[in-house]
Amino acid sequence: MLTITYFLAMDLQVTHLRTLQAIARHGSFSRAAQALNVTQPAVSMQVRHLERALGLPLLERVGKRAFPTRAGEVLLAHADRALRELEAGVERVQELRGVVAGRVRLGTSASISIYLLPPVLRRVRARHPEIELVVVTGNAPEIARAVVANTLDVGMVSLPVRDRELTVLPFYRDELVAIAPPQAAWRRRRTIGAAELARETLILFEQGSTQRRVVEGWFHRAGISPGHAMELGNTEAIKQLVGAGLGLSISSWFAVRADARAGRLVALRLVPRLVHQRGIVLRKDKPRTPALTAFLDVLQGTMRAPTK
C-alpha cells in the first residue's frame with residue numbers, strides 16, 4: 001500500500017504567534033513591543049509575516065488600538081492551546097534534567113507590581129532562573145476574568161473575588177491609611193476618623209475598583225457619606241496630588257511607607273482601622289506545573305505584611 005501525505009508548507013514561527021498573543025493581550029503594538037522587549041517595527045514585521053502566510057488580516061487597527069479579527073481570534077484560540085502544550089513538553093524535558101522551568105503568566109495591580117512584586121521576582125530568579133515570568137497589570141475584576149479565561153495562570157488581587165471557577169488563597173493583610181501633605185498641622189496627628197476625613201477634599205481611586213469599594217464600605221459602616229471625590233486610577237498620581245496639598249486620600253500602607261518615612265507625606269491610622277485582604281487566585285482545575293508550583297511556593301514564602 002502506498003501512502004502519500006501532503007503537508008501545508010507554512011512558516012508559522014513560535015515567536016510570531018507569541019507576538020500576536022501579546023498584541024491581543026495589550027491591545028497595542030507599542031505596548032506589546034515593550035512587553036516583549038523588542039522594537040515596534042519588529043512587532044509589525046512579524047504580524048505582516050503571519051498575515052502574508054495565512055492570506056487574511058489577523059488584526060484590525062482602530063486609532064492606536066489593535067483588535068483581533070475573526071481570523072485572528074481563530075488562530076489565537078489554536079495557538080494558545082498549541083503553545084501551552086509545547087511549554088508543557090519543554091517543562092517535562094527540563095524535569096528530566098532536574099531543572100524547574102516554564103512560563104508563568106501573572107496578573108496583578110499596578111500598585112502590587114511596583115511595591116510588592118520586586119522581592120518575589122528577585123527570589124524566583126535566584127532560585128529558578130529558568131522560569132519565565134510574564135506580568136500583566138489591571139484591576140481585580142479584569143485579572144479575575146483573565147484567570148478564568150486561562151489567559152493568565154495566576155492573579156494577585158484585592159479580595160473579595162466571587163468567580164465560582166476560582167480558588168482563592170489569602171496571602172497578604174494590607175492596612176489602609178489616610179495620607180496627608182507634610183504640613184505641620186498633619187505632622188502632629190497620628191489618627192483620623194471617618195467624619196473628619198469626609199470633611200476634607202478627597203482624592204480616591206476610581207469608581208469600580210475594589211479598593212474604592214473597600215473605602216466606601218468603611219465610610220458606610222461609620223454612618224458617613226463623603227462628598228464628591230477627585231478620582232484617579234494611579235497610586236503615584238494620587239500621592240503627587242496629596243503631597244501638593246490638593247487633598248487627602250486613603251491608600252495601602254505598603255504604597256506610601258517610603259514616602260511617610262522620608263517626610264514627603266504624612267500617614268494617619270484610620271479609626272477604626274481598615275485592613276484589606278489581598279489574595280492569590282487560580283482556576284480550580286488549573287494544572288499545577290512545576291513552574292507554577294515553584295512560583296506559588298516563593299510567593300507565599302516571601303509575602304509578609306510590613307508593619308506600620
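A brief look at the structure comes next.

Each value, and the rule that gives it
Here the residue numbers are simple positions, counted from 1 along each chain's written sequence. Under the rules for a predicted model, residues below a pLDDT of 70 receive no local features and side-chain atom pairs below 80 are neither given nor counted, while totals for whole chains, interfaces and linings still include all residues. As a convention, hydrogens and water are excluded, and side-chain values are obtained from all of the structure's heavy atoms. Secondary structure elements follow DSSP: runs of H or I of four or more residues count as helices, runs of E of two or more count as strands, with numbering from the N terminus. Take the buried residues of types Ala, Val, Leu, Ile, Met, Phe, Trp, Tyr and Cys, join any two whose side-chain atoms come within 4.5 Å, and each joined set is a nonpolar core. When a residue's accessible area, from a 1.4 Å probe over protein chains only, is under 20% of the maximum for its type it is buried; when over 50% it is exposed; and in between it is partly exposed. By the convention used here, residues are in contact when the closest approach between their heavy atoms is within 4.5 Å. One less than the number of residues in a helix, times 1.5 Å, gives the span that helix is expected to have. Any two strands are treated as partners once DSSP identifies two or more bridges connecting them. Throughout this description, the term salt bridge denotes a Lys or Arg side-chain nitrogen within 4 Å of a carboxyl oxygen of Asp or Glu.

1. Quick look at unusual backbone geometry
With omega at 15°, the peptide bond leading from leucine 159 into proline 160 counts as cis. Of note, proline 160 is situated in the loop between β5 (154-158) and β6 (166-180). Each neighbour pair has its own omega, and for valine 271 with proline 272 the value is 0°, a cis peptide bond. If you trace the backbone, proline 272 turns up in strand β11 (residues 266-283). At asparagine 37, a position not held by glycine, the phi torsion is positive, near 60°. By the secondary structure assignment, asparagine 37 is in the loop between α2 (29-36) and α3 (40-54). Although it is not a glycine, asparagine 150 sits at a positive phi angle of roughly 65°. Looking at where asparagine 150 falls in the secondary structure, it is placed in the loop between α7 (140-148) and β5.

2. Observations regarding the nonpolar core
Formed by 33 residues in total, the largest nonpolar core has its most connected members in Val154 and Phe295. Of all the elements, helix α13 (residues 290-302) adds the most residues to this core, at 7 residues. When near neighbours in sequence (up to four residues on either side) are disregarded, phenylalanine 295 contacts Val104, Leu106, Val120, Val124, Leu133 and Val154. Leu176, Ala178, Leu202 and Ala229 belong to the second largest nonpolar core, which has 21 residues in total.

3. Looking at helix α10 (residues 210-221)
Its 12 residues place the ends of α10 17 Å apart at the C-alpha level, agreeing with the 16 Å of an ideal helix rising 1.5 Å per residue. Within two residues after α10, glycine 223 carries a phi angle of roughly 75°, on the positive side.

4. Here's the deal with the pairing of β11
As defined by bridge partners, β5 adjoins β11 across 4 bridges and the pair is classed as antiparallel. By the bridge assignment for β11, serine 158 is matched with arginine 278. Relative to β11, β6 runs antiparallel, the two being bridged by 14 bridges. Following the sheet pairing, arginine 173 is matched in β11 by glutamine 277.

5. Re the pattern of salt bridges
For the structure shown, the criterion picks out 15 salt bridges. Linking lysine 286 and aspartate 153 is a salt bridge whose minimum nitrogen-to-oxygen distance equals 2.7 Å. Highlighted residues: lysine 286 in the loop between β11 and α13 and aspartate 153 in the loop between α7 and β5, separated in sequence by 133 residues. On the basis of relative accessibility, which here comes to 7%, the residue aspartate 153 falls in the buried class. Residues participating in the shared-partner salt-bridge network are Glu236, Lys239, Asp259 and Arg264.

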